[in-house]
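Observations on the model geometry
What follows is each chain in one-letter form.
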Amino acid sequence: LMSELFNQIHQRNSRHIGLFEEMSVLENGHYFSKGILGKGCRTQWLESAIGFIQSKSYSVVCLDPDNGIAPSSMSKLSTLKQGKYATLEEIEAFFTLECVKYLVIYQHFHRQESHEIQMQEAKAKLERLYEGRAVVTIIADVGNIRKVRR
């Protein structure tokens, strides 16, 4: 199923999260795709997202920020670029919702270190922050079968 889905997305020559909704990938999926734009909008965005999740008690939440989890240097970025990341505070807000059982976060890695090292560092950081919760990491190499590590 995953390889078939990957091929369908790849054939479209387009990579954006909206394809999941367009292709009805999640049969009973619901999508909150409001962007974070402008200064001071993060709080409003987070409140809207939490309201959306709680309105139907969704148990699975997938975060797909353009660039992944915010780096420690995020405060130096422009407001526009800051909107391309999910902050640890936002992740925590989703994690603490009673209805949320699974939180999936897409992380885009940089090219200064190997993806393997960055994945291990991200996993260790999340395990420290969210002690007692299972953290599963997945590396997706374009064109290859997914490698799952725990």
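Read on for an overview of the structure. These figures come from a predicted structure and were not determined experimentally. (Residues numbered from 1 in each chain as written. Predicted model: local features only at pLDDT ≥ 70, side-chain atom pairs only at ≥ 80, totals over all residues. Heavy atoms only, no water.)

**Quick look at the nonpolar core**
Among the nonpolar cores identified, the biggest contains 22 residues, and I53, V61, L63, I91, F94, L97 and L103 are the most heavily contacted of them. Looking at this core, the elements that each hand over two or more residues are helix 3 (41-56), strand 1 (60-63) and helix 5 (88-95). The element that contributes the greatest number of residues to this core is helix 3, accounting for five residues. With sequence-adjacent residues up to four places away left out, I91 is seen in contact with L63, I69, A86, L103, I105 and Y130. (Core = buried A, V, L, I, M, F, W, Y, C linked by side-chain atoms within 4.5 Å. Buried < 20%, exposed > 50% of the residue type's maximum accessible area, 1.4 Å probe, protein only. Helix = DSSP H or I, 4+ residues; strand = E, 2+ residues; numbered from the N terminus. Contact = heavy atoms within 4.5 Å.)

**Some remarks on a nonpolar patch on the surface**
On the surface, a nonpolar cluster with roughly 300 Å² of combined accessible area is contributed by V60, Y102 and V104. Note that Y102 resides in strand 4 (residues 102-105). Given a relative accessible area of 55%, Y102 falls into the exposed group. (Patch = residues over 30% accessible without salt bridge, like charges linked within 9 Å, V, L, I, M, F, W, Y side chains within 5 Å. Areas by Shrake-Rupley, 256 points an atom, 1.4 Å probe, with all protein chains shown as cover. Salt bridge = Lys/Arg side-chain N within 4 Å of Asp/Glu carboxyl O.)

**Considering the pairing of strand 1**
A regular strand carries its side chains on alternate faces of the sheet. Taking every second residue as pointing to the same face, the buried face of strand 1 carries V61 and L63, while none of V60 and C62 on the other face is buried. The pairing of strand 1 with strand 4 spans four bridges and is parallel. Its bridge partner being in strand 4, V61 is matched across the sheet by L103. (Pairing = 2+ DSSP bridges.)

**A look at the side chain of Q118**
Looking at the element boundaries, Q118 is found in helix 6 (residues 115-129). Apart from residues lying up to four places away in sequence, Q118 is in contact with F109, H110 and E113.

**A closer look at the packing of helix 3 against helix 5**
Between helix 3 and helix 5, whose axes approach to 11 Å, the crossing angle comes to 20°. Compared by their axis directions, helix 3 and helix 5 come out roughly parallel. Where helix 3 crosses over helix 5, the handedness of that crossing is right-handed. Contact with helix 3, carried on its side by R42, W45, L46, A49, I50 and I53, involves E90, A93 and F94 of helix 5 and no other residues of that element. Residue composition of the contact of helix 3 with helix 5, by class: seven nonpolar, no polar and two charged. (Axes fitted to C-alpha atoms, helices over the stretch in contact; angles between N-to-C directions. Parallel < 35°, antiparallel > 145°, perpendicular 65-115°, else oblique. Left-handed = near helix turned anticlockwise from the far one by under 90°. Nonpolar A, V, L, I, M, F, W, Y, C, P; charged D, E, K, R; others polar.)

**Thoughts on the packing of aromatic side chains**
Given two aromatic rings, their pairing is described by the distance between the two centres and the angle made by the two planes. Under the criterion given, the structure shown has five aromatic pairs. Between the aromatic rings of F52 and Y58, the centroid separation amounts to 5.5 Å while the plane-to-plane angle is 35°, which identifies the pairing as tilted. Residue classification places Y58 among the buried residues on the basis of a relative accessible area of 16%. Ring geometry for F95 against Y130: centres 4.4 Å apart, planes inclined by 55°, an arrangement best described as tilted. Here F95 is found in helix 5, whereas its partner Y130 is found in the loop between helix 6 and strand 5 (137-139), with 35 residues between them in sequence. The exposure class assigned to F95 is buried, which follows from its relative accessible area of 14%. What links up through ring pairs into an aromatic cluster is the set F32, W45, F52, Y58 and F94. (Phe/Tyr/Trp six-rings, centres within 6.5 Å; stacked < 30°, edge-to-face > 60°.)

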